[in-house]
Amino acid sequence: MLRALPFLLLAVPAAAQEKPDPEKLKASVEKLVSFGTRHTLSSADDPKRGIGAARRWVGAELAKMGDQCGCIEVANIGRGFTGPRAPNGVEIVDVLGFQAGTDPKRVVIVMGHIDSRVTDVMDATSDAPGANDDASGVALVLEAARILSKEKFAATIVYAALSGEEQGLFGGQLLAETAKARGWTVSAVLNNDIVGNTVGTDGTRVADRVRVFSESLSEADSIEAQMAKRNDGSEDDGPSRALAKVIDGVAAKLPGGLDVFLVRRPDRFGRGGDHSPFLKLGYPAVRFTVGIENYDAQHQTLRQGYGDTPDKMDFPYLAKVTAINVATIRRLASAPAAPAQVTIGGALSTDTSVKWAAVPGAAGYRIRWRRADAQDWTGQRDVTGTEAVLKGVVVDDNFIGVSALAADGSESLVTFGGRGG
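First things first, this report covers the structure right here in the doc. (Residues numbered from 1 in each chain as written. Predicted model: local features only at pLDDT ≥ 70, side-chain atom pairs only at ≥ 80, totals over all residues. Heavy atoms only, no water.)

1. Looking at the environment of L32
In plain terms, the rule: Think of it this way: any DSSP run of H or I at least four residues long counts as a helix, any run of E at least two long counts as a strand, and we number them from the N terminus. Any two residues whose heavy atoms approach within 4.5 Å at even a single point are treated as in contact.
For L32, the position within the fold is in helix α1 (residues 22–33). Here the alpha-carbon distance between L32 and D134, two residues 102 residues apart in the chain, equals 9.6 Å. With residues up to four places along the chain from it excluded, the contact list for L32 reads R38, A54, W57, V58, I114, A135 and V138.

What follows is the structure, encoded as structure tokens:
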């Protein structure tokens, strides 16, 4: 039997929630730049210069917030990596802040990479300010922690400053493999990499949007699983794409915010980021990047007209990107996990049947549907129980999905409905 479920909307009104502070973001970026270089192969021990000093500062900032709220525990993870850009090996260390939720095994991860570089990717001694790439992302992580540490959530939030991105996505690989080894249920990975400029290489200004990159079919799926999803029509509804759509919807409700430009590929053309290792393991992960890039500031040795310095950044814009991250984390960390699998039936019928496995902690579920030629969900019904029949919804012409709901109405990602198996 299908019963409507009246959810209480207990979330704090947007107007009452603290907004990201452009000045605090600027201060964090300038502090990170002050370490001279944060190249992955730079000194790990120098107290004032190099990646080690920068990592210790980030850890100390997270620890201060933890002391204030009693809710963030700082821990480093590390191991050695070797690759073409680290031929002699390097110890990669990720700085993590854990804000424990009521479910410590379910996590929402927000991250940026702390390392920087110049034109020569092996130059570990020249000044490499890395203001936008990617002190902007690390500053965003710290500001998100400052705001969200004042609230309580169901999921654990992981605030992450990763090392080794420029040398081979090592920090992302380390954290993704740690998540798998520790059996975390990863509800979302928000990778913020180059999120603080609005003027491009040719002088064009784009200050009204941020790009969010997401994969369609999961890289982790076998070819058989990908073919099954092809037959179900779920190419635009994998976990990472579902996450991107949630971000788009969240951003649309922020007054004076940014448009989310959903780019339907895993990253910029032919390129990758620290979310890529998470995709390899099947976790929902996306990348935030500015609406227009300044290539004269990226990966450039400092000289006239070139270099990644704070004066090329737009901190009110970075605050708006931070606000989208904060609102997305708030929603997903408040919600239960997404249903593990949703199966549908209805061949040769005018109705569609929907079934899914119960989600721990869910107060109810939201069945969503849309015509098969539409991108966004148009119909919905809130129910209790774990199965329903949608009268008059023809399975041949509609796509179906189900999300889990918390008692306050917070909604998980939508799990697309297929034939199962």
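2. A short note on the packing of aromatic side chains
Defined as follows: Here a pair means two rings of Phe, Tyr or Trp (six-membered ring of Trp) with centres within 6.5 Å. Their orientation is stacked below 30 degrees between planes, edge-to-face above 60, and tilted elsewhere. Exposed residues in this analysis have more than 50% of their type's maximum accessible area, buried residues have under 20%, and partly exposed residues fall in between, with area computed by a 1.4 Å probe over protein chains only. We count a charge as sitting over a ring when the NZ of a lysine or the CZ of an arginine lies within 6 Å of the ring centre and within 35 degrees of the ring normal.
Applying the stated criterion to the full structure yields five aromatic pairs. Summarising the aromatic geometry, the rings of F81 and F170 are spaced 4.9 Å apart at their centres and angled 25° between planes, so their arrangement reads as stacked. Of this pair, F81 sits in strand β1 (residues 72–83) while F170 is found in helix α5 (residues 170–181), placing the two residues 89 residues apart along the sequence. Taking relative accessible area as the criterion, F81 reaches 7% and is therefore assigned buried. Taking the relative accessible area as the measure of exposure, F170 reaches 7% and is therefore buried. Over the ring of Y306 we find R303; its NZ or CZ atom is 4.1 Å from the centre of that ring. Here the basic side chain of R370 rests over the ring of W377, its NZ or CZ set 4.5 Å away from the ring centre.

3. Quick look at the state of the cysteines
Disulfide: a covalent bond formed between the sulfur atoms of two cysteine residues. Under the convention used in this document: Any cysteine sulfur atom paired with another within 2.5 Å is treated as part of a disulfide.
Counted by the stated rule, this structure contains one disulfide. With its sulfur 2.1 Å from that of its partner, C69 forms a disulfide with C71. The disulfide joining C69 to C71 has a torsion of about -95° about its S-S bond and is therefore left-handed.

4. Describing the sheet that holds strand β5 (residues 185–192)
Under the convention used in this document: One bridge is not enough; two strands pair if DSSP finds at least two bridges between them. Orientation is described by axes fitted as lines to C-alpha atoms, over the contacting stretch for helices, and by angles from 0 to 180 degrees between their N-to-C directions.
The strand order β1-β2-β4-β3-β5-β8-β6-β7 describes an open sheet built from eight strands, whose pairing is mixed. The strands lining the two open edges of the sheet, one partner per strand, are β1 and β7 (259–263). For this sheet the average axis-to-axis angle between neighbouring strands, irrespective of direction, equals 25°. When β5 meets strand β8 (residues 285–290), the two strands line up parallel, connected through four bridges. Its bridge partner being in β8, V189 is matched across the sheet by A285. Against the sheet, helix α7 (residues 239–252) touches β5, β6 (209–213), β7 and β8, its axis set at about 45° to β8.

5. A look at the side chain of D382
Put simply, the rule reads: Polar contacts here mean pairs of N or O atoms no more than 3.5 Å apart (in protein, one a potential hydrogen donor and the other a potential acceptor; neighbouring residues in sequence count only if both atoms are side-chain atoms).
Residue placement: D382 occurs in strand β12 (residues 379–383). A polar contact of 2.6 Å, which involves the side chain of D382, links it to the side chain of R366.

6. A short note on the pairing of strand β13 (residues 387–390)
By the alternation rule, side chains of β13 split into A388 and L390, which are all buried, and E387 and V389, of which none is buried. When strand β10 (residues 352–356) meets β13, the two strands line up antiparallel, connected through four bridges. Residue pairing in the sheet places S353 in a bridge with V389 of β13.

7. Quick word on the sheet that holds β13
The mixed open sheet is built from seven strands, whose spatial order is β12-β11-β14-β15-β9-β10-β13. Each of the sheet's edge strands pairs with one partner strand only, and the pair in question is β12 and β13. Here the average twist between neighbouring strands, direction ignored, is 25°. The pairing of strand β9 (residues 342–345) with strand β15 (residues 415–418) spans two bridges and is classified as parallel.

8. Describing the side chain of E165
By the element assignment, E165 lies in helix α4 (residues 165–168). Once residues within four sequence positions are removed from consideration, E165 is found in contact with H113, D115, D193, G272, G273 and D274.

9. A closer look at the nonpolar core
Stated precisely, the cut-off is as follows: The set of buried Ala, Val, Leu, Ile, Met, Phe, Trp, Tyr and Cys residues whose side-chain atoms join them within 4.5 Å is what this entry labels a nonpolar core.
Core analysis: the biggest nonpolar cluster contains 65 residues, and V58, Y159, I247 and F288 have the highest contact counts within it. Among residues more than four places away in sequence, those in contact with I247 are L190, V212, V260, V286, F288, I324 and T328. Core analysis: the next-biggest nonpolar cluster, separate from the first, contains 25 residues, I77, F81, V158 and A179 among them.

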